[in-house]
Amino acid sequence: MVYNNTHSPNSQYLVPSSRSIVHDLSLPNPPESDPNQRFKRDLAWCIAPTLLVSFKYAWAGVRYAFVTQRNFRIHTLIGIVAISLAILLELPPVEIAVIGLTSGLVMTLELLNTAVEAVVDLTVKQSYHKLAKVAKDCAAGAVLISAIAALLVAGSLLLPPLVTRILLLIR
């Protein structure tokens, strides 16, 4: 169902429209005889023609986050340090993988947080909106929770062998 904005002075609610979303977006319908026919992506702004170009776009997003987002750089640095320390301490491969996965999760959520912030900023422009704040705060909260979890995981895996090595060096 499609929703239209009402233009009355006292109402900023969305009301249902009688038009269907398929009609509004003019999505092509595949012929009944060929269920494997691919949909044309007329509505896509920029289509990656090859897998290599898709990777290029993805890398551009990672590069953008690294250049513009201080927290992404911090998470990347901490992840590299944690994995390097795990390798130096000769942790089992499974434990190194767990540290890598939790670090990757934090960085992934930081990328999603950046995307949510960009979309919200694009939508509300220079105005303040309570729901925009909720969206941004929740996305940042997801990053915070994953960072705390990653810190607990890395700490529980790295601290025991690190303390053991330090105690052996002191003796």
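Conventions adopted
Residues numbered from 1 in each chain as written. Predicted model: local features only at pLDDT ≥ 70, side-chain atom pairs only at ≥ 80, totals over all residues. Heavy atoms only, no water. Patch = residues over 30% accessible without salt bridge, like charges linked within 9 Å, V, L, I, M, F, W, Y side chains within 5 Å. Areas by Shrake-Rupley, 256 points an atom, 1.4 Å probe, with all protein chains shown as cover. Salt bridge = Lys/Arg side-chain N within 4 Å of Asp/Glu carboxyl O. Helix = DSSP H or I, 4+ residues; strand = E, 2+ residues; numbered from the N terminus. Buried < 20%, exposed > 50% of the residue type's maximum accessible area, 1.4 Å probe, protein only. Phe/Tyr/Trp six-rings, centres within 6.5 Å; stacked < 30°, edge-to-face > 60°. Expected span 1.5 Å × (residues − 1). Arc of directions from axis to C-beta. Contact = heavy atoms within 4.5 Å.

A separate point is a nonpolar patch on the surface. Where nonpolar side chains cluster on the molecular surface, the patch consists of L159, V163, I166, L167 and I170 and spans about 470 Å² of accessible area. Structurally, the position occupied by I170 is in helix α5 (residues 130-170). The class for I170 is exposed, based on a relative accessible area of 65%.

Another point: unusual backbone geometry. The residue E90 is not glycine, and still its phi comes out positive at about 55°. Examined against the element boundaries, E90 turns out to sit in the loop between α3 (70-88) and α4 (93-124). For E90, a relative accessible area of 64% gives the class exposed. In this model, K125 sits at a positive phi of 55°, which is unusual for a non-glycine residue. Within the secondary structure layout, K125 lies in the loop between α4 and α5.

A few words on the packing of aromatic side chains. Applying the stated rule across the entire model yields one aromatic pair. Ring geometry for F66 against F72: centres 6.4 Å apart, planes inclined by 90°, an arrangement best described as edge-to-face. In this structure F72 comes out as buried when scored by relative accessible area, which is 2%.

With that settled, consider α3. In this model, α3 (19 residues) spans 27 Å end to end at C-alpha, consistent with the 27 Å of a helix rising 1.5 Å per residue. Here α3 has its buried residues at F72, H75, T76, G79, A82 and A86. Projection of α3 onto a plane perpendicular to its axis shows the buried side chains occupying an angular sector of 130°, all on one side. In α3, the exposed positions angled more than 90 degrees off the buried face are occupied by R70, L77, I78 and L88. Those residues of α3 that are buried lie in contact with α2 (51-68), α4 and α5. Two residues or fewer past α3, E90 is found with a positive phi of approximately 55°.

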